[in-house]
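Read off the chains here:
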Amino acid sequence: MKILKLTLYRVPLTSHVPYVMADGKACETVDTYILSIESDAGLTGWGEVCPIPHYLPAYAGGVPAAVADLAPVLLGADPVGPEALMARCHAHLQGHPYAKSLVDIALWDLTAKVAGLPLYRLLGGRQMAAAPLYHSITCIAPEEMARIAREAHAQGIRQFQAKLGADDDWQADVARLRAVREAIGPGPLLYGDWNCGATSLTGIRVGRAVADCDVMLEQPCESIEACAKVRHATGLPMKLDESVHDQESLLTAHRLDAMDVACVKLSKFGGVSAARAARDLCLHFKVAMVLEDTWGSDITTAALTHLAITIAPRYLLNVADLSGYVHPHVAPDGPRREAAQLKPAERPGLGVTPDPDVLGNPVATYGP
Ligand code: 0XW
Ligand code: MG
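None of the values given here were measured: they were computed from a predicted structure.

About the cut-offs
- Residue positions are counted from 1 within each chain, in the order its sequence is given.
- Chain letters start at A and ligand numbers start at 1, both assigned in the order the entries are written.
- Local features in this predicted model are restricted to residues whose pLDDT is 70 or higher, and side-chain atom pairs enter the listing and the counts only when it is 80 or higher, whereas totals over whole chains, interfaces and linings include all residues.
- Heavy atoms from the whole structure form the basis of all side-chain values; hydrogens and water molecules are not counted.
- Distances are taken per atom, and a residue is near a molecule or strand as soon as one of its heavy atoms is within 4 Å of it.
- Nitrogen and oxygen atoms within 3.5 Å of one another constitute a polar contact, given that in protein one can donate a hydrogen and the other can accept it, and given that sequence-neighbouring residues count only through two side-chain atoms.
- Where accessible areas are quoted, they stem from the Shrake-Rupley method and a 1.4 Å probe; at the residue level, only the protein chains shown are allowed to cover.
- Each residue gets one of three labels, nonpolar for Ala, Val, Leu, Ile, Met, Phe, Trp, Tyr, Cys and Pro, charged for Asp, Glu, Lys and Arg, and polar for the others, Gly among them.
- Annotation comment: domain bounds sourced from an automatic or database domain assignment.
- Two strands pair if DSSP finds at least two bridges between them.
- Strands here are runs of E lasting at least two residues and helices are runs of H or I lasting at least four, both read from the DSSP assignment and numbered beginning at the N terminus.
- Fitted lines through C-alpha atoms give the axes, limited to the stretch in contact for helices. The angle between two N-to-C directions lies from 0 to 180 degrees.
- Residue exposure (1.4 Å probe, protein chains only): buried if accessible area is under 20% of the type maximum, exposed if over 50%, otherwise partly exposed.
- Whether two residues are in contact is decided by their heavy atoms: any pair within 4.5 Å suffices.
- The donor definition counts N, O and S atoms within 2.8 Å of each metal and applies 3.2 Å to Na, K and Ca; water is not among these atoms, so some sites may look incomplete.
- Comment: arc refers to directions from the helix axis out to C-beta atoms.
- To count toward a patch, a residue needs a relative accessible area over 30% and no salt bridge; like charges are then connected within 9 Å, while nonpolar side chains (Val, Leu, Ile, Met, Phe, Trp, Tyr) are connected within 5 Å.
- The rule for a salt bridge is simple: a side-chain nitrogen of Lys or Arg has to be within 4 Å of a carboxyl oxygen of Asp or Glu.

With that settled, consider the site of ligand 1. Taken together, 16 residues sit near ligand 1, with Tyr55, Tyr134, Gln161, Lys163 and Asn195 positioned nearest. Measuring from an oxygen atom of ligand 1, one finds a side-chain N or O atom of aspartate 193 at 3.2 Å. Relative to its unbound accessible surface of 300 Å², ligand 1 loses 100% to contact with the protein. The residue inventory of the shell around ligand 1, partitioned by class, reads six nonpolar, four polar and six charged. Both domain 1 (3–116 + 356–366) and domain 2 (121–342) contribute no fewer than three residues apiece to the shell around ligand 1.

Taken in spatial order, the eight strands of this open sheet run β5-β6-β7-β8-β9-β10-β11-β12, and their pairing is parallel. The open sheet is flanked by β5 (135–137) and β12 (316–319), the only strands paired with a single partner. Pairwise comparison of adjacent strand axes, ignoring direction, gives a mean angle of 25° for this sheet. Looking at chain direction, β5 and strand β6 (residues 159–163) are connected through three bridges and run parallel.

Counting through the fold element by element, alanine 58 comes out in the loop between β3 (44–49) and α1 (62–74). Overall, alanine 58 belongs to the buried group, its relative accessible area being 13%. In sequence terms alanine 58 and glutamate 218 are 160 residues apart; their C-alpha atoms lie 20 Å from each other. If sequence neighbours within four positions are ignored, alanine 58 has contacts with Pro51, Ile52 and Tyr98.

Here we come to the coordination of the magnesium ion (ligand 2). Taken together, Asp193 (OD), Glu218 (OE) and Asp241 (OD) make up the protein donors of the magnesium ion (ligand 2), found 2.0 to 2.4 Å from the metal. The motif formed by the donor residues of the magnesium ion (ligand 2), counted along the single chain, is D-x24-E-x22-D. Here glutamate 218 lies in strand β8 (residues 216–218) and aspartate 193 lies in strand β7 (residues 189–193), a separation of 25 residues in the sequence. Grouping residues by exposure puts aspartate 193 and glutamate 218 together as buried.

Our next topic: unusual backbone geometry. The omega angle of the peptide bond from histidine 327 to proline 328 is 5°, so this bond is cis rather than trans. Locating proline 328 in the fold gives a position in the loop between β13 (326–327) and β14 (341–342). Residue histidine 54 is not a glycine yet carries a positive backbone phi of 70°. Of note, histidine 54 is situated in the loop between β3 and α1. Positive phi outside glycine occurs at glutamine 219, with the angle close to 35°. Among the secondary structure elements, glutamine 219 is positioned in the loop between β8 and α8 (224–234). Judged by relative accessible area, which is 0%, glutamine 219 ranks as buried.

Once that is clear, we can look at helix α9 (residues 247–255). Taken residue by residue, α9 has Ser249, Leu250, Thr252 and Ala253 as its buried positions. Projected onto a plane normal to the axis of α9, the buried residues spread over an arc of 160° and lie on a single side. On the buried face of α9, the contacting elements are α8, β9 (238–240), β10 (261–265), α10 (266–269) and α11 (272–285). Just past α9, the residue aspartate 257 takes up positive phi, approximately 55°.

The next subject is a nonpolar patch on the surface. Residues Met1, Val80 and Val114 make up a contiguous nonpolar surface patch of about 200 Å² in total accessible area. Its location among the elements puts valine 114 in helix α3 (residues 97–115). The class of valine 114 is partly exposed, set by a relative accessible area of 36%.

So, in structure tokens, the structure goes:
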């Protein structure tokens, strides 16, 4: 089998609620890129990547440039067996994991379609019926965050991420965590995410001030070392996100005893292949995982859901319903939440069929 054609689309995704994080990071409308890889057997694989500006060393504008660079490697190559072809892509273009993520996802979709199996069966098989969702709450006034938490709780959500640090006021962050905890009651999981925007001093002060209300901290500082310092000084559980992005950083986090939970984002690691390897390393460490991506719509959400249900329930903390935070939906048959959970489709591949009207005109095509 050979790859005949690549088609790249850009679709602006708008958040239902403006989404604010520390250090001025925000997303209201951001571009997602969608790639189709067509084979000479008449099958098509779909991939997606949606970087948030300023969030990671990834930017949407880099995606078309990387796809143009990789097109000669991909065209004419056998798409079945994504890791073999991705190895050639890595040799041709070093780094840029986010920009390779949509290529890797599309190759997995296509490979699973060739096999006639839902993708999760190629990734190890189902270990859970459906993956539990968390809800991410934008960093605004404490009572507004509590209102959002209450609404999500009424819809069955039992895991909550409160964004912190947008106003650089540690006491406001304490009030946020307290207000959300009061809104959801004891029991549900609550974690406060600074997205790297705090010093270890702030992380420690906030952590100590809320130590009585059962919270986990997420990525207070940029470095693994500083996050480890906060974890050890507060005694609170720690989720690492931005600072764990490859095998090496996961090993460092483990060695420094810095994490209770690792956030496995597809595009941070470089697609399904790299996220699957991260999954296996986390399982070896016996560290629980969040399976998600930076942002995105139905293709990203489907891909992360397929990988998530291959993890034993004890080690899968939750997944993000990314397509549920934004509009438009790029695929009418994309995964939709049910009872605060997501499940992958039983159709071959990712099981998503993007709507040509939503995709619009391609921004680039390669091949005939
Ligand atoms: C990547 N985000 C900004 C979007 C996801 O919903 C979660 C969040 C994070 O940083 O954890
Ligand atoms: Mg995070």
